Amino acid sequence: RIGDPFIAGGSSGKVRMLMNDKGQRLEEAGPSVPVQVIGMDGVPAAGDMLLVGDDETVLRSLADARNKISMEKKSAAFDTDLRKQMAALIESGGTIDMSRETREVNVLIKADVQGSVEALKNSLEAMISEDEICQVKVKVLQSGIGDVTKSDVSIAAVSNAWVIAFNVAANMQAMDEARTRDIEIGYYSVVYDMLEEMEGRMQEVLSPTPDGEYSGKAEVKMLFDIGKVGKVAGCACVDGDIVKAGNVRVLRGAKIVFEGRIKTLKHLKEDVQTINSGMECGMNFFDWEEMEEGDVVECYTMSK
């Protein structure tokens, strides 16, 4: 009934308003009647039982106790996970591979119901993309139910996060803020579509590519130190075309060691703009001379 104190999981409150599935206000709700309850001081988890009592103070104390127990369980779970990691470290001989970099994809989740929030959060936090050089994980900065707000976009902007809107929209203020601060909001109604998109984003973080379309690659065969010119890489173009005006990245095995632009590109003694597959060339780069034999130079060009 209106005015009844209640508890639901770790949330408590007093019934301020009851609405049925048709949006009509009710004074009370009996068994099997679906209603929306207004008056909670928090968001209960999906499946929590809503119980009505007589003493609001007692119910609030019970909710506080439940929240404390929940926090202790999370702390215990963290301790257990930490012990497992330490045990694995000891079994491996106590060494940590400091050369393996860890990167994160920051996300902010908004969904229609708490159950969807928890499912999305658990699925995303379980995702890992890795190679011998780097490991990429998903970090959920914040999650909640309801439409995307301007405050959500502001939080995402500070942390360079991707906003996921699952079965919800974004209000006008949020959309204006997103356009102003160049924050992407992804709208989804199918979990698989969202996870597939996240896999692509994680792969891009794992092995980012320069702006433009792939045009070709060359392998560094020899290195030359030419006076005022500096260090020059003698290369063989093994695929596609190397374009002087393009963006390049240099890979040493699976590790990206440089991203930038070509300073000079020569075939024999002639300055050229393009080197085709099968040709040899000499090249150096703006602000970088740490090339090594065996490095691979990938070239990317912008579409006109």
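The following paragraphs examine the structure supplied in this document. (Residues numbered from 1 in each chain as written. Predicted model: local features only at pLDDT ≥ 70, side-chain atom pairs only at ≥ 80, totals over all residues. Heavy atoms only, no water.)

**Brief notes about the overall build of the protein chain**
Summing up its helical and strand segments, the protein chain has five helices and 18 strands in all. Taken along its principal axes, the extent of the C-alpha atoms in the protein chain is 90 × 55 × 30 Å. Counting only residues that meet the buried cut, the protein chain has 31% of its 304 residues in that class. The contacts in the protein chain between residues at least 6 apart in sequence include a share of 63% that link residues at least 24 apart. (Helix = DSSP H or I, 4+ residues; strand = E, 2+ residues; numbered from the N terminus. Buried < 20%, exposed > 50% of the residue type's maximum accessible area, 1.4 Å probe, protein only. Contact = heavy atoms within 4.5 Å.)

**Overview of the sheet that holds strand β8 (residues 134–145)**
In spatial order, the strands read β7-β8-β6-β9-β10; together these five strands make up an open sheet with mixed pairing. Pairing within the sheet leaves two strands with one partner each, and these edge strands are β7 (128–130) and β10 (185–188). Averaged over neighbouring strand pairs, the angle between their axes works out to 25° when direction is ignored. Summarising the sheet, strand β9 (residues 162–166) and β10 pair through four bridges and their orientation is parallel. (Pairing = 2+ DSSP bridges. Axes fitted to C-alpha atoms, helices over the stretch in contact; angles between N-to-C directions.)

**A word on helix α2 (residues 114–125)**
Helix length check: α2 (twelve residues) gives 16 Å between terminal C-alpha atoms against 16 Å at 1.5 Å per residue, within 8%. Along α2, the residues classified as buried are Q114, S116, V117, L120 and L124. The arc that holds every buried residue of α2, seen down its axis, measures 155°, which confines them to one face. Packed against the buried residues of α2 are β6 (101–111), β8, β9 and α5 (191–206). (Expected span 1.5 Å × (residues − 1). Arc of directions from axis to C-beta.)

**Looking at unusual backbone geometry**
Both trends apply: most residues other than glycine have a negative phi, and most peptide bonds are in trans. Despite not being glycine, L268 shows a phi value in the positive range, around 60°. For L268, the location among the structural elements is in the loop between β14 (255–267) and β15 (270–271).

**Some remarks on the state of the cysteines**
With the rule as written, the count across this model stands at zero disulfides. Free cysteine C235: the closest other cysteine sulfur is in C281, separated by 4.9 Å. Overall, the relative accessible area of 2% leaves C235 in the buried class. Free cysteine: C237, not disulfide-bonded; nearest cysteine sulfur from C281 at 7.0 Å. (Disulfide = S-S within 2.5 Å.)

**Concerning the pattern of salt bridges**
Counting across every chain of the model gives 13 salt bridges. E219 serves as the salt-bridge partner of K221, at 3.7 Å between the closest nitrogen and oxygen. A cluster of three or more residues bridged by salt bridges with shared partners is formed by K14, E56 and R60. (Salt bridge = Lys/Arg side-chain N within 4 Å of Asp/Glu carboxyl O.)

**Overview of the environment of D4**
With respect to the helices and strands, D4 occurs in the segment before β1 (5–8). Expressed as a C-alpha distance, the spacing of D4 and V229, which sit 225 residues apart in the sequence, is 83 Å. Apart from the residues lying within four places of it in its own chain, the contact partners of D4 are G13, K14, V15 and V52. Here the side chain of D4 touches R1 through a polar contact of 2.9 Å, landing on its backbone nitrogen. (Polar contact = N/O pair within 3.5 Å; in protein donor to acceptor, adjacent residues only side chain to side chain.)

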